[in-house]
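Observations on the three-dimensional arrangement
Okay, here's what each chain looks like letter by letter:
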Amino acid sequence: MLIIVGFIVVIVSVLGGYVAAHGKLGALWQPYELLIIGGAALGAFLIGTPMKTVKATFAAIPATLKGVRYKSSDYLDVLTLVYEVLNKARREGFIALESHIDAPATSDVFNKYPKVLADHHLMDFMTDCLRLMVGNNIEPHELEPLLELELEKHHHEMMAPAHALTKVADALPGFGIVAAVLGIVITMGSIGGPIEEVGTHVAGALVGTFLGILLAYGFVGPLSAAVEAQAEQDGRIYESVKTALLACLRGYNPKVALEFARKTLPTAVRPQFSDFENHLKVIR
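Right, let's walk through the structure included here.

Rules and cut-offs
- Residues numbered from 1 in each chain as written.
- Predicted model: local features only at pLDDT ≥ 70, side-chain atom pairs only at ≥ 80, totals over all residues.
- Heavy atoms only, no water.
- Helix = DSSP H or I, 4+ residues; strand = E, 2+ residues; numbered from the N terminus.
- Buried < 20%, exposed > 50% of the residue type's maximum accessible area, 1.4 Å probe, protein only.
- Contact = heavy atoms within 4.5 Å.
- Core = buried A, V, L, I, M, F, W, Y, C linked by side-chain atoms within 4.5 Å.
- Phe/Tyr/Trp six-rings, centres within 6.5 Å; stacked < 30°, edge-to-face > 60°.
- Polar contact = N/O pair within 3.5 Å; in protein donor to acceptor, adjacent residues only side chain to side chain.

**Description of the environment of L265**
By the element assignment, L265 lies in the loop between α11 (254-263) and α12 (273-283). The class for L265 is buried, based on a relative accessible area of 2%. Sequence separation between L265 and G199 is 66 residues, and the spatial gap between their C-alpha atoms is 58 Å. Apart from the residues lying within four places of it in its own chain, the contact partners of L265 are Y75, L79, R236, S240, R270 and P271.

What follows is the structure in structure tokens.
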């Protein structure tokens, strides 16, 4: 919602100031300039971006407009799920987790948290880590580098749409100049005509430069920053799961391990200690 509000503020500020200075909105309506700038930007985006990133970018834009993926209640669910898993491992041994991590969809533990279960990337990360802990006598200092590599790869993939949009934003002013130059070419072709026609063509050319810069710095650039910020925040849940599992492997009991994980979450979505404590009491 804040992103949409920001877009509206940009539009109202720019067009409102223009109209207040006695500008005519009709002069800014240059669909062919938009076609040149938008088409060239889209084509360059498709040329320089892998198909996987193209799909991820088109999926990330509406997801960013909807807001962050994980709310405070979702973080609470993930922490509680990890607590249940680690508590079960502490009481029955890690081998008792084998059937749960091999088939999470049929697990009575994982099925309590359908939204977490539906997040395939998070489930794969969690079950892969647990599988290493179950099937191998692995030490914390051996597991941590593997988890760091996995998180680094995931972070790179999550940031790819933001980086792609940043490149588009960087290119838009240049494509605006391309549209402006083409407008000047048209203007030169009509230089012997009526002065009103020449003036219209010059205005159209200048609008091309205006649109390229406005789209870059008023829309695509800020949208890229928003996609990046959301990817950063959504990635914190992986960090918390990693922290909890490593703490457990180092010998901490599940409650302490989950407190370590809770501390890694952003303050805005971090469950309060008392709320988390009361929530755990209910499931014990």
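**Looking at the nonpolar core**
Ranked by internal contacts, the top residues of the largest apolar core, which has 45 residues, are L81, V82, L122, M126, L130, V241 and L258. Of all elements in the fold, only α4 (72-92), α6 (114-118), α7 (120-135), α8 (140-189), α10 (236-249), α11 and α12 reach the threshold of two or more residues within this core. The biggest single contributor to this core is α4, with ten residues. In contact with V82, not counting residues within four places along its chain, are M126, V241, A244 and L258. Listed in part, the 22 residues of the second largest apolar core include A41, F45, V54 and F219.

**Here we look at the packing of aromatic side chains**
Applying the stated criterion across every chain, the model contains five aromatic pairs. Ring geometry for F45 and F58: centres 6.0 Å apart, planes at 80°, overall edge-to-face. With F45 in helix α2 (residues 31-48) and F58 in helix α3 (residues 51-66), this residue pair connects regions lying 13 residues apart in the sequence. Classification of F58 by relative accessible area gives partly exposed; the value is 48%.

**Comments concerning the side chain of H100**
Within the secondary structure layout, H100 lies in helix α5 (residues 98-102). At 2.6 Å, the side chain of H100 and the side chain of S107 are in polar contact. Not counting the four nearest positions on each side in its chain, H100 is found in contact with K88, S107, D108, V109 and F110.

**Regarding the side chain of Q230**
Structurally, the position occupied by Q230 is in helix α9 (residues 195-234). Owing to a relative accessible area of 10%, Q230 belongs among the buried residues under this scheme. Setting aside chain neighbours within four positions, we find Q230 in contact with A63, T64, G67, V68 and R69.

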